[in-house]
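# Examination of the molecular architecture
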Amino acid sequence: MDKPLIYAIDDEPGIRKLYLESLPLGGYQVEVGDGGSALFSLLLERRPSLVILDVMLDGEDGYEILTRLKGESRYADIPVIMVSAKGEEVDKVKGLNLGADDYISKPFGIMELFARINANIRKRPQSEVSSYLDLEIDKQKRIAYLHGEPISLTKLEFDLLSYLVNKNNQICPKDELLSKVWGISESLETRTLDIHVFNLRKKIASSKAKIETIRGVGYSLI
């Protein structure tokens, strides 16, 4: 199982370094940024398990970034922990009212941060969104996104891409794809699969993810 991915946003280089050095010790992957632009750029690459967001940022503050994040349906369910040296109750209430899942005051202990991260990841229901590199699949809405923008796919193209994203970097034999995506339980002519892969490749041509042909076997999303 992949380690949970955390995006940590803070404009202080020392705090970003702290996140980079400490969060992997808790079993997390971590990417850091210094503001809203950095966060939304990261979101186009991969979907995180949780966002740590500082309140006091240069330019757009954490509350404004939180409002933008929660205002986009594909990101609204990502847990957010607000972090700030402002420990007044009114500041915490503001963050929580805007959609933050938790609020922690600076300075904080790393073990407390780990506990807050774990608690907020656990309490979220299993996401219906899966992702690989710059591809994101919302299974509930049946929408695929590339670079954060929806892709126009047929039903079978969506099902095929969803399966490949879930099996990224694994070889998917043609028989397996026909069984899982098309519902065909026996080995038949696979020309229709090859045509769908060809069309899907064109639609995700700008993606960092590529559908590789494993000659004589099947396909793999790499």
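Notes on the structure follow.

Reading the values: rules and limits
Residues numbered from 1 in each chain as written. Predicted model: local features only at pLDDT ≥ 70, side-chain atom pairs only at ≥ 80, totals over all residues. Heavy atoms only, no water. Helix = DSSP H or I, 4+ residues; strand = E, 2+ residues; numbered from the N terminus. Contact = heavy atoms within 4.5 Å. Salt bridge = Lys/Arg side-chain N within 4 Å of Asp/Glu carboxyl O. Buried < 20%, exposed > 50% of the residue type's maximum accessible area, 1.4 Å probe, protein only. Core = buried A, V, L, I, M, F, W, Y, C linked by side-chain atoms within 4.5 Å. Arc of directions from axis to C-beta.

### A closer look at the environment of Gly148
When you line up the elements, Gly148 lands in the loop between β8 (143–146) and β9 (149–151). Taking C-alpha positions, Gly148 is 33 Å from Phe108, a pair spaced 40 residues apart along the chain. Those residues in contact with Gly148, other than ones at most four positions away along the chain, are Leu44 and Arg74.

### Digging into the pattern of salt bridges
Using the criterion set out here, one finds 13 salt bridges in the structure. Between Lys174 and Asp194 there is a salt bridge, and its shortest N-O distance comes to 3.0 Å. With Lys174 in helix α7 (residues 174–182) and Asp194 in helix α8 (residues 191–203), this pair connects stretches of sequence that are 20 residues apart. On the basis of relative accessibility, which here comes to 23%, the residue Lys174 falls in the partly exposed class.

### A look at the nonpolar core
Counting residues in hydrophobic clusters, the biggest one holds 26 residues, and the most contacted among them are Leu135, Leu160, Leu161, Leu177, Leu193, Ile211 and Leu221. Elements supplying a minimum of two residues to this core: β7 (135–138), β8, α6 (155–166), α7, α8 and β12 (218–221). Looking at this core, the element that brings in the most residues is α6, giving 6 residues. If we skip the residues at most four places from it in the chain, Leu177 touches Leu160, Tyr163, Leu164, Cys172, Trp182, Leu193 and Tyr219. Membership of the second largest hydrophobic core comes to 21 residues, among which are Val51, Leu66, Val80 and Tyr103.

### Some thoughts on helix α2 (residues 36–45)
Along α2, the positions that sit buried rather than exposed are Gly36, Leu39, Phe40, Leu42 and Leu43. Angular distribution of buried residues about the axis of α2 spans 155 degrees; they occupy a single face of the element. Looking at the buried residues of α2, the elements they touch are β1 (5–9), β2 (29–33), β3 (50–54), α3 (62–70) and β7.

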